[in-house]
Amino acid sequence: MQQLLTGAKAQTLQLDENNPRTGFYTVVYKDGQAGIEAYAAFCRSALYSGSQNPLWVKSWLGPRTDDERLIAIAWKDGQPALALGLAVERRGPLRIATFPGGPHATSTFVASGDVPLDAADLYAVLNDIHAARPDIDAIILKRQRLQLEGRANPLRELWHIISPNLTFAMSLAPCRETGIIRSKHRMSRHRQVRRKFETFGEIRVFQAQTREEVDRLFDHFFEWKAEQLAFRGIPDSFAPEEVRASLRNTFRLALEQEEPSFEINGLEIAGKLRAINAYSRTSEGPLCEFLAYCNDELAQWGPGEFLTYKMIEKAIESGASVYDFGIGDEPYKRQWTDRTREEFDSYFGLTFRGKMHVLAVMCVEYLKRFIKRSPLLSGFVKRARKGVAALAQFRKR
């Protein structure tokens, strides 16, 4: 059974007298703002990560119209069991529901309560969403965590494929026990780099504490990231204004929290900003959302690596068990990490054309995974991208 709720009833998660206290049903919110409030209320006692963090959902979905967002909460035997906060995108003639944030939505664990759900329950959620929102052709949920805190992601019960990219993480318990961060060589190099930086001036590592500091760090980040991605021949996924505004708002809102769920840090040397590191907090520890550095005279000494080291130190002191470098295979991640993790993608066609679209997208993702899991092919693609980017820069001269 699905329901469309509007107004005050949607602002709490109290069981409505007209709803059954046994069985399974889904509430689909017609009033998106009320749905966002209900989603946040559910998450106070739920397990979640990534793009299903209620602060992320509020920042990315808040400015959208009701047709451009989907908030649904599933109930079982009178208890809220699962919540979804999704963005509805138009792709040609199709409307696709996805995690808010697009390619920036990674390592997501859907908001889940303590009530176990089986495949029949989850298929009922999809049927209820389709009944309430027949305009949505498909639901595509990429880059999901298989488990969090030992609990399996409930969407694993449904059809899914393994994502093309791996995620990389560093265990912090051995560092805490031995006092050695990754290796003695790594610590020695960090001290050498510190001494080098000190010859240029004072070193300052700081966390943004005001909206102005958040904006300053993002201004530099967007500029640096655009340069780095252009050099590698990769489209800038941070370029759209909606992406920039949503990221800024997420980290601004986090300043109002007693323990911020999103944090952005900067490295200054001789009064100039040199590197930026931003992460979200999970129950296991920091999840690095993005990293960038200034390509100036100090770049050869690795200001980004220096700031990463300081963030790992901070995570160890806070008692975190893992520092997660996030998704994507990069050489610097392999130098730091001691574990890899696979993620998965879910594809649900709700209409005939949605099913056809899902099949086509899945074929492309299988091909991506084949290429990215092959060192030979992935290396060739990276070199080809750099070559094309260099040629484009040469033609502009």
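Cut-off values and rules
- Residues numbered from 1 in each chain as written.
- Predicted model: local features only at pLDDT ≥ 70, side-chain atom pairs only at ≥ 80, totals over all residues.
- Heavy atoms only, no water.
- Helix = DSSP H or I, 4+ residues; strand = E, 2+ residues; numbered from the N terminus.
- Buried < 20%, exposed > 50% of the residue type's maximum accessible area, 1.4 Å probe, protein only.
- Contact = heavy atoms within 4.5 Å.
- Areas by Shrake-Rupley, 256 points an atom, 1.4 Å probe, with all protein chains shown as cover.
- Lys, Arg positive; Asp, Glu negative; His and termini not counted.
- Charge placed at Lys NZ, Arg CZ, Asp CG, Glu CD.
- Salt bridge = Lys/Arg side-chain N within 4 Å of Asp/Glu carboxyl O.
- pLDDT = per-residue confidence, 0-100.
- Axes fitted to C-alpha atoms, helices over the stretch in contact; angles between N-to-C directions.
- Left-handed = near helix turned anticlockwise from the far one by under 90°.
- Nonpolar A, V, L, I, M, F, W, Y, C, P; charged D, E, K, R; others polar.

### What about the overall build of the protein chain?
Reasoning step 1: Secondary structure assignment for the protein chain yields 11 helices and 17 strands.
Reasoning step 2: C-alpha extents for the protein chain along the principal axes are approximately 70 × 45 × 35 Å.
Reasoning step 3: A total of 397 residues make up the protein chain; the buried ones form 52% of that total.
Reasoning step 4: The contacts in the protein chain between residues at least 6 apart in sequence include a share of 75% that link residues at least 24 apart.
Reasoning step 5: Total accessible area on the protein chain is roughly 18,800 Å²; 53% of this is exposed by carbon and sulfur atoms.
Reasoning step 6: Across the protein chain, the mean location of the 56 positive side-chain charges is 7 Å away from that of the 49 negative side-chain charges.

### With respect to unusual backbone geometry
Reasoning step 1: The phi torsion at R143 lies on the positive side, around 55°, for a residue other than glycine.
Reasoning step 2: Tracing the backbone shows R143 in strand β8 (residues 138-145).
Reasoning step 3: Not every positive phi belongs to a glycine, and A270 is a case in point at roughly 55°.
Reasoning step 4: The topology assignment puts A270 in the loop between β13 (262-269) and β14 (272-281).

### A short note on the pattern of salt bridges
Reasoning step 1: This structure, assessed with the given rule, holds 29 salt bridges.
Reasoning step 2: Across the pair R186 and E305 runs a salt bridge whose closest N-O atoms are separated by 2.6 Å. Residue R186 is found in helix α5 (residues 184-198), and its partner E305 is found in helix α8 (residues 303-318); the two are separated by 119 residues along the sequence.
Reasoning step 3: Take R186: its relative accessible area is 10%, and that puts it in the buried class.

### Considering the confidence of the model for the protein chain
Reasoning step 1: Scored by pLDDT, the protein chain comes out at a mean of 90, with 92% of its residues at no less than 70.
Reasoning step 2: The least confident element of the protein chain is strand β1 (residues 2-5), whose mean pLDDT is 45; the most confident is strand β6 (residues 94-98), at 98.
Reasoning step 3: Contacts from residues 1-12, a stretch scored under 50 in pLDDT, to residues over four places away or in other chains number 33 contacts.

### Structural notes on the packing of helix α6 (residues 211-232) against helix α7 (residues 241-254)
Reasoning step 1: Look at α6 against α7: their axes get within 10 Å of each other, and the N-to-C directions meet at 145°. Taken as a pair, α6 and α7 cross one another with a handedness that is right-handed. Here R211, V214, D215, F218, D219 and F222 of α6 come into contact with α7, specifically with R244, L247, R248, F251 and R252.
Reasoning step 2: Split by residue class, the contact of α6 with α7 holds five nonpolar, no polar and six charged.

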